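Residue strings, one per chain:
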Amino acid sequence: MFSKIKEVVVNFITSRIVIMSAVLIFAAVGLVYRLFYLQIVKGAEYQDSFQLKIMKEKSIAATRGNIYDRNGNLLAYNELSNSVVIEDVYESGSGKNAAINETINKVIDIVEKNGDTVDTDFNISLNTAGNFEFTIEGNTLLRFLADIYGRTSVNDLKYEERSKTAAEVVDDLCNKFGIGNLSDPNDKKSFVPGLGYNKDRLLKVLVVRYKMYSNSYQKYINTTIAGRVSEKTVADIMENSDILEGVSIEEDTARVYVDSVYFSHILGYTGKVSDTELADLQAQNPEYRSNDTVGKSGIEQSMESVLQGKKGSETVYVDNTGKVIETSSFIESTAGNDVYLTIDKDLQEACYNIIERSLAGILVSKIQNLKSFTLGEHQDSSDIVIPIYDVYYAVFDNHIVSLDHMKGSDAGDSEKAVYSQFLNKQASVYDRLNTELTVDCTPYDQLTKEYQVYMSYIASKLYSNKVINSDAVDKEDATYIAWTKDETISLTDYIRYCIAANWIDVTVLDLESQYVDSDKIFNTIVDFIFNDLKEDDEFNKKLYKYMLAEDSISGNQVCNILLEQQVVELPEDEQKLWYSGAESSYTFMMNRISNLDITPAQLALDPCTGSMVITDVNNGDVLALVSYPGYDNNKMANGVDAEYYAKLRSDNSSPLLNYATMQRTAPGSTYKMVAATAGLMEGAIDLSSTINCTGVFDKLDQPAHCWIYPRGSHGPLNVTGAIRNSCNAFFFEVGYRLGLIGDKYSSDTGLSKLAKYADLYGLSETTGIEVTEYDPIVSDQDSVRSAIGQGSNSFTTVGIARYVTAVANSGTCYNLTLIKKTSDSDGNLLEEYGATVRNKIEMDASYWNAIHQGMRQVVEDKDYYKDVKVNVAGKTGTAQESKSRANHALFVCYAPYEAPEISIATRIAYGYTSSYAAQITKEAIMYYFGLNEEDPTESQQTPIELQGGEANAD
């Protein structure tokens, strides 16, 4: 009975299983059919129903505000562009780093193949010597290191972390991100797939990896690999999207600067925010994110909060490949506000061109067909001339031509010949250096000048590469003094002593063990030296100097290299002369300088820099703030062009320096109006006082001399005559009287009184303009010499400009500004800016008249101002910084004399004579008042010929 029931139950269950299986099979077939039907028959119409959707909250960047000049001329704007970006969509695991690095390398290959630039905006760069170096210093560097090593603050940095070299930081980050070793430490150019990285490629990959790491704390933030890329790059990236995981093209805006070289120091540039900048900006506005573009310098930085705008947002749904399939919750961004400057665009450009053309004129007048020049015992700095061989050498020394191109397969005949000579010279020098280091050990003072240069350079590299630990070196040690000051021992002796004294950091060296004998360490250091020098362009350039001196290469070859590398192009009529041999290399180079085919900045021979600041004396507006040379800030924005940046940093004319706000020199005799004011206001002199100039001031233990001595003297002068003649003796006496307490002289008392009036003229602090400006230095030594602008007085051009503005308007000292107003993107006024009154100098009108009359007479005595149809009042000044270089040349003025409108301060560093500065300023005055027959903005191809002036007159 039981078995019967069991059989029935089993049969029942079995039948049900069969039926259920059939149902399931039928359902499965139906599902497959439905899927097939939806996919094939109904198509993409139903596709979304079966896709995995990932939701992302996407930030929409705001369009940055524009920058205009005072007249509404556009200086900075945005244009639509495409960027190559990467998102970290890689699975975690042991192979993640290798996969990301491989993808980044593929992208870099595509970007650079199409002539686009990888974003290398980082605080470490590769210099022209092929070494990693920090591009920041001081506390900014420490904050960067704190970010690198994950420290909350600078104070948390370990000693070894804060003392890391740039190369060590690179090595640490490479280890962190699994980036391979260098294929050849000396190979700066080529990348060898599968073997390793050269320094250039390694840094590019590293920068992307570090930025990806910085962005990793925020979801769905893309990291830019290259900005403002071409349509060809866009197409290639999209075509290869299947092998470029996480890489995409993102629509963006690129910052564009109009006539960039003229305004780079004022406007600055934008770039991706650094970790340090992000922390500072988020403290003011928490909306900032790690991939934001922000102002990095200049007005772009100081007006960041105005220009930035407000981000928008949207919710984005993407599939598993990252493709956007749906968007929602769109909130539009709000454009940044526009900034209008006080600067006049046309005036700025005209003055820049005037300075460049004038510098070319000075160079043409000073270059002579000589191989070398030595200043004679009875000559002064005004007698310095420039040998043409210095010009030839500058072609190599300041990267006018490419040294790398000379050894390439497409090098011209002269390039090949010169490079062949270079290799011979290099081998000879290396052989001699090796002998000196290992055998001869000649004391430094007994070496030739050439080999002293080489040994000094090698020693400096041992310090910069941290082989010699400068922190461990005892600066009072007798051997250290014998090397650095007495120069009586060899570099070999010094290195061996450093080893014995434990001043060598053996961890920098490639040693099998740190516990080796001193000979092994020394031999390793010698190997290190030659490996380091092998591709060091800075060292190689020094070889070219001596090759020229030895006539191993000729001036003709240098000129031909300029032609072969297409740095210059000859006019048709000159081509016939040159190629027939009828034109000398001296004439060739003089023509290139005269035509500005090669600029003063490119040559970087004194003088090669200048600055000029023009103000409206009635309201303090800065109309022009010129620094020569400038640079192309378009190559710094939208991702730094690493090669261009490295060239800027190594350029001997220092184009990154704002010479109007960051160069300080003694003011020379332009300071005498301060001394006159102090003397009159403190009762040391009055308008009837006369002081007799004999040429010598002998009331000090060390007599001081008037500039006219020993040729003569000025005789008795009042304050107006003293300004007119720039009489040092008169103002020495004023400085002396200011220091009198009864009949006893106190320099400190005199200095205190001079400082009081320097402060009233605004010379004791920065001017207030919205770009980086160095603090002034008011003299704290020797009130007698300080009264003529010597002592330790040191001011920027913009600081002197504020001072002369106050002189011109009889006492109103302004806090200067470069900002005129701001408006929204529709042009509606938001805020009026303008200079504010800092203080007023309350002085009797007769005193002002006496000072003004003296300044007017200064200009009346200048023959080259006779044709200026506007009356000008001014003061010249020269300042000596080095006996082996020309004096700095300064001139300050205002015009018209009867009813002042503008003031101008001009400085030409190492410009020989203040007469040159005065003539350059004259050209600016002619332009401003419309007195020129030609427009300097259009006539840029000829130098301005300047008249020579009295060398020592200031």
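The rules behind each value
- Residues numbered from 1 in each chain as written.
- Predicted model: local features only at pLDDT ≥ 70, side-chain atom pairs only at ≥ 80, totals over all residues.
- Heavy atoms only, no water.
- Salt bridge = Lys/Arg side-chain N within 4 Å of Asp/Glu carboxyl O.
- Helix = DSSP H or I, 4+ residues; strand = E, 2+ residues; numbered from the N terminus.
- Buried < 20%, exposed > 50% of the residue type's maximum accessible area, 1.4 Å probe, protein only.
- pLDDT = per-residue confidence, 0-100.
- Contact = heavy atoms within 4.5 Å.
- Pairing = 2+ DSSP bridges.

Enquirer: Sorry, what's going on with the pattern of salt bridges here?
Expert: Between side chains of opposite charge, pairing is possible as soon as their charged atoms come close. Throughout the structure, instances matching the rule amount to 45 salt bridges. As a salt-bridge pair, Lys106 and Glu102 come within 3.4 Å of each other at their nearest N and O atoms. Remark: Glu102 and Lys106 occur in helix H2 (residues 96–113); sequence separation between them is four residues, near one turn of the helix. Between Lys296 and Asp121 there is a salt bridge, with its nearest N and O atoms 3.7 Å apart. You can see Lys296 sitting in the loop between strand S9 (293–295) and helix H10 (298–302) and its partner Asp121 sitting in the loop between H2 and strand S4 (124–126), a full 175 residues away along the chain. As far as the burial class goes, Lys296 and Asp121 line up, both buried.

Enquirer: Got a minute to help me understand the confidence of the model for the protein chain in this structure?
Expert: If pLDDT is low for a region, its predicted coordinates should not be looked at in detail. Per-residue confidence for the protein chain gives a mean pLDDT of 90, with 90% of residues at or over 70. Note that pLDDT drops below 50 for residues 35–49; the model gives that stretch six contacts with residues more than four away or on any other chain. Per-residue pLDDT stays below 50 along residues 184–195; that stretch engages in 22 contacts with residues further than four places along the chain or on separate chains.

Enquirer: Explain the pairing of strand S24 (residues 819–823) here, please?
Expert: Both faces of the sheet carry side chains from a regular strand, because those side chains alternate between them. Here strand S12 (residues 338–341) pairs with S24 via four bridges, running antiparallel. When the bridges of S24 are listed, Asp338 appears paired with Ser823. The pairing of S24 with strand S25 (residues 829–832) spans three bridges and is antiparallel. Within S25, the residue paired with Ser823 across the bridge is Leu829. Hairpin connection of S24 to S25: five residues between the antiparallel strands, including Gly827 at a positive phi of 90°.

Enquirer: Help me understand the environment of Ser81, please; the structure alone is not making it clear to me.
Expert: Here Ser81 lies in strand S3 (residues 74–86). On the basis of relative accessibility, which here comes to 10%, the residue Ser81 falls in the buried class. Taking the C-alpha atoms as reference, Ser81 lies 5.2 Å from Arg228; in sequence the two are 147 residues apart. When near neighbours in sequence (up to four residues on either side) are disregarded, Ser81 contacts Arg228, Glu250, Glu251, Asp252, Thr253 and Ala254.

Enquirer: Honestly, unusual backbone geometry in this entry has me stumped. Any pointers?
Expert: Backbone phi values are negative for most residues with the exception of glycine, while trans is the configuration of most peptide bonds. With an omega dihedral of 0°, the bond running from Tyr628 to Pro629 counts as a cis peptide bond. As for its placement among the helices and strands, Pro629 is situated in the loop between strand S16 (622–628) and helix H25 (642–650). Omega for the peptide link from Tyr709 to Pro710 comes to 5°, which places this bond in the cis form. In this fold, Pro710 is placed in the loop between strand S19 (704–705) and strand S20 (715–717). At Arg228, a residue that is not glycine, the phi angle is positive and equals roughly 55°. Note that Arg228 resides in the loop between strand S6 (223–226) and helix H7 (231–239). One non-glycine residue, Cys441, lies in positive phi territory at about 55°. Summarising the element assignment, Cys441 is placed in the loop between helix H15 (413–440) and helix H16 (449–464).

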